[in-house]
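Listed here are the chains, written in short residue letters.
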Amino acid sequence: MGLAAVGVVAVASLAAHLLLKRPTPGHWAEAQKSAFIEACNTNCKKSPGVTPDRYPICEKVCACSAAEAEKILSEADLAEIEAAASSGKTSLEQNEKMQRMTKATQVCLKLP
């Protein structure tokens, strides 16, 4: 799996793992951030082509992705996006936020 795929895994993990809701970006609960990073790492490490020697890359990219996503999305945003995505009805605003987050994640792919 290429590093771009790791970014996609990070974005998917972010949308899928919510523990608490808060109104503004930049203030995720530590438990939420930890859950996101753990889920991202798990998904990344299970991805095709990711061998044990690349696990540290997953860990770096996932930690960075959580930090970058936290700057863009509040916990409430994540909950709304998760619900909308599961129903297949994301709004233009939600799609734009996810695109911004995907761009931010690209910075993380340059770390390793």
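This report concerns the structure included in the present document. (Residues numbered from 1 in each chain as written. Predicted model: local features only at pLDDT ≥ 70, side-chain atom pairs only at ≥ 80, totals over all residues. Heavy atoms only, no water.)

### Comments concerning the pattern of salt bridges
As enumerated under the stated definition, the model contains 5 salt bridges in all. Lys-71 is paired through a salt bridge with Glu-68; the nearest N and O atoms lie 3.1 Å apart. Here Glu-68 and Lys-71 lie together in helix α3 (residues 55–72), a separation of 3 residues that amounts to about one turn. For Lys-71, a relative accessible area of 55% corresponds to the exposed category. Residue classification places Glu-68 among the buried residues on the basis of a relative accessible area of 19%. Between Lys-97 and Asp-77 there is a salt bridge, and its shortest N-O distance comes to 2.9 Å. (Salt bridge = Lys/Arg side-chain N within 4 Å of Asp/Glu carboxyl O. Helix = DSSP H or I, 4+ residues; strand = E, 2+ residues; numbered from the N terminus. Buried < 20%, exposed > 50% of the residue type's maximum accessible area, 1.4 Å probe, protein only.)

### A short note on the state of the cysteines
Per the stated rule, a full pass over the model turns up 3 disulfides. Here Cys-40 engages in a disulfide with Cys-62; their sulfurs sit 2.0 Å apart. Given an S-S torsion of about -70 degrees, the disulfide between Cys-40 and Cys-62 has left-handed geometry. Taken as a pair, Cys-40 in helix α2 (residues 30–46) and Cys-62 in helix α3 lie far apart in primary sequence, 22 residues in all. Take Cys-40: its relative accessible area is 0%, and that puts it in the buried class. Taking the relative accessible area as the measure of exposure, Cys-62 reaches 0% and is therefore buried. Put simply, Cys-44 and Cys-58 are joined by a disulfide, and their sulfur atoms are 1.9 Å apart. A torsion of -65 degrees about the S-S bond marks the disulfide between Cys-44 and Cys-58 as left-handed. (Disulfide = S-S within 2.5 Å.)

### Quick word on the nonpolar core
One finds Trp-28, Ile-72, Leu-73, Met-98 and Met-101 to be the most contacted residues of the largest nonpolar core, which totals 16 residues. Of all the secondary-structure elements, those providing two or more residues to this core are α2, α3, α4 (75–87) and α5 (92–109). By residue number, the principal contributor to this core is α3, which donates 5 residues. Core analysis: the next-biggest nonpolar cluster, separate from the first, contains 5 residues, Ile-57, Val-61, Cys-64 and Cys-108 among them. (Core = buried A, V, L, I, M, F, W, Y, C linked by side-chain atoms within 4.5 Å.)

### Concerning α5
Here α5 contains 18 residues, and its C-alpha end-to-end distance of 26 Å stays within 8% of the 26 Å for a straight helix at 1.5 Å per residue. Buried within α5 we find Gln-94, Lys-97, Met-98, Met-101, Ala-104, Thr-105, Cys-108 and Leu-109. Buried residues of α5, seen end-on, are gathered within an arc of 160 degrees and therefore sit on one face of the element. Seen from the buried face of α5, the exposed residues on the opposite side, beyond 90 degrees, are Leu-92, Gln-99 and Lys-103. (Expected span 1.5 Å × (residues − 1). Arc of directions from axis to C-beta.)

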